[in-house]
Amino acid sequence: MPIPKILPAGDRALVAEFGDSIQEETNDLVHALEQKIEQGHISGITETVPTFRSLLIYYDPSVISGNKLRESVLSLCEHLESGKKEKGRILEIPCCYGSHFGKDLPDLMEYTDLTMEEIISIHSSVNYKIYMLGFLPGFVYLGGLDKRIEMPRLKTPRTKIPKGAVGIGGNQTGVYPLDSPGGWRLIGSTPVDFYDPSREEPVLCRAGDYIRFVPITSCDYYDIRQMIQRGTYQLSIRSCTDGSNHPAPSSSF
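Reading the values: rules and limits
Residues numbered from 1 in each chain as written. Predicted model: local features only at pLDDT ≥ 70, side-chain atom pairs only at ≥ 80, totals over all residues. Heavy atoms only, no water. Helix = DSSP H or I, 4+ residues; strand = E, 2+ residues; numbered from the N terminus. Buried < 20%, exposed > 50% of the residue type's maximum accessible area, 1.4 Å probe, protein only. Contact = heavy atoms within 4.5 Å. Pairing = 2+ DSSP bridges. Axes fitted to C-alpha atoms, helices over the stretch in contact; angles between N-to-C directions. Core = buried A, V, L, I, M, F, W, Y, C linked by side-chain atoms within 4.5 Å.

Draft legend 1. Main features of the side chain of serine 124. Mapped onto the elements, serine 124 comes out in the loop between helix 4 (116-123) and strand 6 (128-133). On the basis of relative accessibility, which here comes to 14%, the residue serine 124 falls in the buried class. Every residue in contact with serine 124, bar those within four places of it in the chain, is listed here: Tyr97, Arg212, Phe213 and Pro215.

Following this line, the structure appears as structure tokens:
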């Protein structure tokens, strides 16, 4: 099993680096180490932040030294297993494709020589792994986009992309959790809030989860928005291992 490089990141953090490229197997190791750390309850660790190929580990130097933490992390890595290719949860995210939500679908159709129906079918047929979160609170970096619908980012980014927009940028797809500038190609929108500071857990997903987009109509979109505002909407969450459905508590929305 690959042993990561343990490097200092300031005087209150270490970073464990697994390789130098973005690969699912590498990302699996990152999440496996984070799980080992959570299970090990190492005194002094204050936070862990997974990325594509590394794990940032914050610690309190008054509780544990950097050298001691490094030894503990390396010890955990001796029996590290990335686990199965799919694990954790699959969040089924409703998405209204096209209409005024998918301004770039016509360009994507021309670029890929696919019909709108084919693009929607391809995009909604994958369990996308959340490699990491960043850029904005709740912004998910998803792996697994089909090469047939890859498309370069816009040459000139938009100054404002609306919250909930679902886009494609190069070989990735994702959801904008807040209104923000951005250069990804917009193909649809979800009524589900990926970030809501009023929730007990403001960020909807966590790194290591999977997302499956479920096509809905524009009427469905606005119906779901109303249910979310009333606090009655239940997001469907499936287990990767048993295929069962586990609706999230309505209080989460």
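Draft legend 2. Structural view of the pairing of strand 9 (residues 165-169). Counted residue by residue, strand 9 has five buried out of five residues, so it is predominantly covered. As defined by bridge partners, strand 9 adjoins strand 12 (residues 185-189) across four bridges and the pair is classed as antiparallel. Its bridge partner lying in strand 12, isoleucine 168 is registered against arginine 185. Between strand 9 and the antiparallel strand that follows it, strand 10 (residues 172-175), lie two residues; glycine 170 among them carries a positive phi value of about 70 degrees.

Draft legend 3. View of the environment of lysine 103. With respect to the helices, strands and loops of the structure, lysine 103 is situated in the loop between strand 5 (89-97) and helix 3 (105-112). Since its relative accessible area comes to 57%, lysine 103 is described here as exposed. When the C-alpha positions of lysine 103 and leucine 186 are compared, they lie 5.8 Å apart, and in sequence the two are 83 residues distant.

Draft legend 4. Region of interest: the sheet that holds strand 3 (residues 45-50). If you walk across this open sheet you meet the four strands as 1-2-4-3, and the pairing is antiparallel. Of all strands in the sheet, those bounded by a partner on one side alone are strand 1 (5-8) and strand 3. Averaged over all pairs of adjacent strands, the angle between strand axes in this sheet comes to 20 degrees, irrespective of strand direction. Contacts from helix 2 (residues 66-77) reach strand 1, strand 2 (13-17), strand 3 and strand 4 (54-59) within the one sheet, and its direction differs from that of strand 4 by about 140 degrees.

Draft legend 5. Quick look at the nonpolar core. Counting 37 residues, the largest nonpolar core has Ile93, Phe194, Leu204, Cys205, Ile211, Phe213 and Leu235 as the members making the most contacts within it. The set of elements that each furnish at least two residues to this core consists of strand 5, helix 3, helix 4, strand 6, strand 7 (140-143), strand 9, strand 13 (210-216) and helix 5 (218-230). Element by element, the count of residues in this core is highest for strand 5, at five residues. Of all hydrophobic cores here, the second largest spans 18 residues; its members include Ala16, Ile42, Tyr59 and Leu69.

Draft legend 6. The arrangement of the environment of proline 162 in detail. Relative to the assigned elements, proline 162 resides in the loop between strand 8 (158-161) and strand 9. For the pair proline 162 and tyrosine 176, spaced 14 residues apart in sequence, the C-alpha to C-alpha distance is 7.3 Å. With residues up to four places along the chain from it excluded, the contact list for proline 162 reads Tyr176 and Asp179.

Note that every value here comes from positions in space, so none of it alone points to a role or purpose.
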